[in-house]
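# Structural characterization, general
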Amino acid sequence: MPVGIDDISFYTANFSLDLQELAANNGSDAAKYTVGIGQERMSVPGADEDVVTMAANACVPLLEGMAQRGEGTNAINTILFATETGIDQSKAAGVYLHSLLKLNPRCRVVELKQACYSATAALQLATAWVARKPQEKVLVVASDIARYDRQTPGEATQGCGAVAMIVSANPRLVALDPETGIHTEDVMDFWRPNYRSTALVDGKYSTKVYLRCVRSAWQDFQQQSQLQFGNFDYFCYHLPFSRMAQKAHNHLANGNAHELSAQALEDQISSSLIYNRITGNSYTAAMYIGLISLLDNTALDLAGKRVGFFSYGSGSVGEFFTGTLVDGYQSMLHSEGHQSMLASRKPLNYAEYQTMYGFEVPVDGGDHAFAEQTNGKFRLAGISQHKRLYEAR
Ligand code: HMG
């Protein structure tokens, strides 16, 4: 019985900063961003957007689809919420999500963390659960806001976004294979101590560790599976910025894909990079937004095509796994919704970006209402006595 992704959608914040605007104000050459790291814009969250609101907004098309098909949501009895932008040390962000979506109380909810990797851990746990109880569905959510100190090399690689996936038996989108390649190594390439709101990073070292990890995970995959590089049609990589995927793909192809031209290698990843170029890094969600980008932006029928996935989380854990697009998968896509959501983002000038960057949720325990900035269905209305107050618009 195949198990995998039955439906997938993403959401990003309603504001964006053009990296040319950033370059014009921080003294960088714009080509360093547009060519060197391959990025055009980054999403910037409003005061009333956080990982819960983005996740809830990402779930809307999935739940609407289930309602239209008369499926109901009672089969969802597990929510796995992957994030490294936690809003509470104790309560799982997914519990707020469960409440906003009005899901069945007969549901287990937990939060998972391992930098950008944890959505893949969530997906693998979900497939194992569904394999054991095929009548049940798991809602896997990945939601993050990538935030670095201003005037640092990391600043241009910020961004945010959330992905929501329904994992089920007989999936209508991607059937996942059980064989995977894994690699864990204790390194300090990127981390965020509890007392900081921005990540610390050894940037150039992190790109080297990423490449080392893709090779190690691939080598392990080859021990677990008969598949060779030539058996794959497309690849989705973790996307801190789009150039990183190009480097990783060339690194992996080196020694494995003698017969493929540079253009053929680029064709295997180019569609997966389109959304990342204009949203930026979204940590746990990034690779899955890459998958959606591949599906939304490829005119060819991908049914039967095999996709290789490399998920990386600093610190570090990497996993290489694979799946095949299911016949008729097109009926499950939300391409128009994604494209209109991206097009409706408000471009910020540098001064507006600085103001929005400077916003912090007050920690004084008082009552604070937040400006209505998002045009999403769900928003963070404010905070009162240290309790976050969410609402549907
Ligand atoms: P930097 O010092 O700003 O940039 O750091 P650089 O000097 O290395 O330049 C970047 C590229 O632009 C280079 O190309 C330059 O040659 C080129 P490369 O040598 O790499 O091919 N360049 C230009 N190209 C055209 N015209 C120009 C020009 N100038 C320079 N005028 C860095 C870049 C990515 C390190 C920095 O942005 C950073 O620290 N980012 C944050 C860390 C990061 O994203 N790491 C990626 C791997 S780790 C990861 O993916 C995990 C992560 O998502 C977190 C998690 O797991 O939770 C981050």
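Before reading on, note that the structure itself is shown above.
Report follows, based on the coordinates. (Residues numbered from 1 in each chain as written. Predicted model: local features only at pLDDT ≥ 70, side-chain atom pairs only at ≥ 80, totals over all residues. Heavy atoms only, no water.)

## Here we look at the site of the ligand
Surrounding the ligand, one finds 28 residues, the nearest of these being Glu84, Cys116, Ser206, His238 and Lys247. A distance of 2.9 Å separates a nitrogen atom of the ligand from a polar atom in the side chain of aspartate 29. Between the ligand and threonine 157, the relevant distance is 3.4 Å, taken from a nitrogen atom to a side-chain nitrogen or oxygen of the residue. In the complex, 76% of the free accessible area of the ligand, which totals 1,100 Å², lies under the protein chains. Secondary structure elements with two or more residues in the shell around the ligand: helix H2 (30-36), helix H6 (203-224), helix H7 (242-253) and strand S13 (306-313). Ranked by residue count, the leading element in the shell around the ligand is H6, at five residues. (Near = heavy atom within 4 Å. Polar contact = N/O pair within 3.5 Å; in protein donor to acceptor, adjacent residues only side chain to side chain. Areas by Shrake-Rupley, 256 points an atom, 1.4 Å probe, with all protein chains shown as cover. Helix = DSSP H or I, 4+ residues; strand = E, 2+ residues; numbered from the N terminus.)

## Observations regarding unusual backbone geometry
Put simply, glycine 315 and serine 316 share a cis peptide bond, and its omega is 0°. With respect to the element layout, serine 316 can be found in the loop between S13 and strand S14 (317-325). A positive phi angle, close to 45°, is found at alanine 115, a residue other than glycine. Assignment of secondary structure puts alanine 115 in the loop between strand S5 (108-112) and helix H5 (118-132).

## Looking at the environment of serine 242
Tracing the backbone through its elements, the reader meets serine 242 in helix H7. Look at serine 242 and you get buried, because its relative accessible area is 1%. Considering only alpha carbons, one finds serine 242 and glycine 36, 206 residues apart in sequence, at a separation of 9.6 Å. (Buried < 20%, exposed > 50% of the residue type's maximum accessible area, 1.4 Å probe, protein only.)

## What to know about the pattern of salt bridges
As enumerated under the stated definition, the model contains 16 salt bridges in all. A salt bridge links arginine 388 to aspartate 50; the nearest nitrogen and oxygen atoms lie 2.6 Å apart. Of this pair, arginine 388 sits in strand S18 (residues 387-392) while aspartate 50 sits in the loop between strand S3 (41-44) and helix H3 (51-68); the two residues are 338 residues apart in sequence, bridging distant segments of the chain. Each member of the pair, arginine 388 as well as aspartate 50, is classed as buried. (Salt bridge = Lys/Arg side-chain N within 4 Å of Asp/Glu carboxyl O.)

## Considerations on helix H1 (residues 19-26)
When we look at burial in H1, the residues that qualify are Leu19, Leu22 and Ala23. All buried residues of H1 project into a common sector of 95° when viewed along the axis, lining one side. Elements in contact with the buried residues of H1: strand S2 (15-18), H2, S3 and helix H12 (350-358). Where H1 starts, the residue carrying a side-chain oxygen 2.9 Å from the main-chain nitrogen of glutamine 20 turns out to be aspartate 18. Where H1 ends, the next residue or the one after it, glycine 27, has phi of about 80°, a positive value. (Arc of directions from axis to C-beta. Contact = heavy atoms within 4.5 Å.)

## Remarks on the state of the cysteines
Applying the stated criterion to the full structure yields zero disulfides. Unpaired in this structure, cysteine 236 has its nearest cysteine sulfur neighbour in cysteine 116, at a distance of 15 Å. (Disulfide = S-S within 2.5 Å.)

## Re the sheet that holds S3
Taken in spatial order, the three strands make up an open sheet running S3-S2-S15, and their pairing is mixed. Edge strands, defined here as strands with exactly one partner in the open sheet, are S3 and strand S15 (346-348). Each strand axis lies, on average, 40° off the axis of its neighbour in the sheet, ignoring direction. Both S2 and S3 contribute to a ladder of four bridges, which runs antiparallel. Directly across from serine 16, in S3, lies its bridge partner serine 43. Each of S2, S3 and S15 is contacted by H1, which is oriented at about 55° to S2, the strand it contacts most. Contacting S2, S3 and S15, H12 crosses the sheet at an angle of about 95° to S15. (Pairing = 2+ DSSP bridges. Axes fitted to C-alpha atoms, helices over the stretch in contact; angles between N-to-C directions.)

## Quick notes on the side chain of glutamine 158
Within the fold, glutamine 158 resides in the loop between strand S6 (137-146) and strand S7 (159-169). Of the residues examined, glutamine 158 reaches a relative accessible area of 5% and is grouped as buried. A distance of 3.1 Å separates a polar side-chain atom of glutamine 158 from the backbone oxygen of glutamate 155. Residues contacting glutamine 158, with those up to four places away along its chain left out, are Met42, Ala146, Arg147, Tyr148, Thr279, Gly280, Asn281, Tyr353 and Tyr357.

## Remarks on a positive patch on the surface
Taken together, Lys32, Lys204, Lys208 and Lys247 make up a surface patch of like positive charges. Note that lysine 247 resides in helix H7. Look at lysine 247 and you get partly exposed, because its relative accessible area is 39%. (Patch = residues over 30% accessible without salt bridge, like charges linked within 9 Å, V, L, I, M, F, W, Y side chains within 5 Å. Lys, Arg positive; Asp, Glu negative; His and termini not counted. Charge placed at Lys NZ, Arg CZ, Asp CG, Glu CD.)

## Considerations on the nonpolar core
Among the nonpolar cores identified, the biggest contains 81 residues, and Leu97 and Leu139 are the most heavily contacted of them. Among the elements that take part in this core, H3 stands out by supplying 11 residues, more than any other. Apart from the residues within four sequence positions on either side, leucine 97 is in contact with Val52, Ala55, Ala56, Cys59, Ile79, Phe81, Leu139 and Val141. (Core = buried A, V, L, I, M, F, W, Y, C linked by side-chain atoms within 4.5 Å.)

## Thoughts on the packing of H6 against H7
The description of two packed helices rests on the angle between their axes and on the distance between the axes. Where H6 contacts H7, the axes come no closer than 10 Å and their chain directions differ by 40°. Judged by the angle between their axes, H6 and H7 are oblique. H7 is crossed by H6, and the crossing has right-handed handedness. Taking contact as the criterion, the partners of Thr207, Tyr210, Leu211, Val214, Arg215 and Trp218 in H6 are, on H7, Met244, Lys247, Ala248, His251 and Leu252. Each residue belonging to the contact of H6 with H7 can be placed in one class, and the counts come to seven nonpolar, two polar and two charged. (Parallel < 35°, antiparallel > 145°, perpendicular 65-115°, else oblique. Left-handed = near helix turned anticlockwise from the far one by under 90°. Nonpolar A, V, L, I, M, F, W, Y, C, P; charged D, E, K, R; others polar.)

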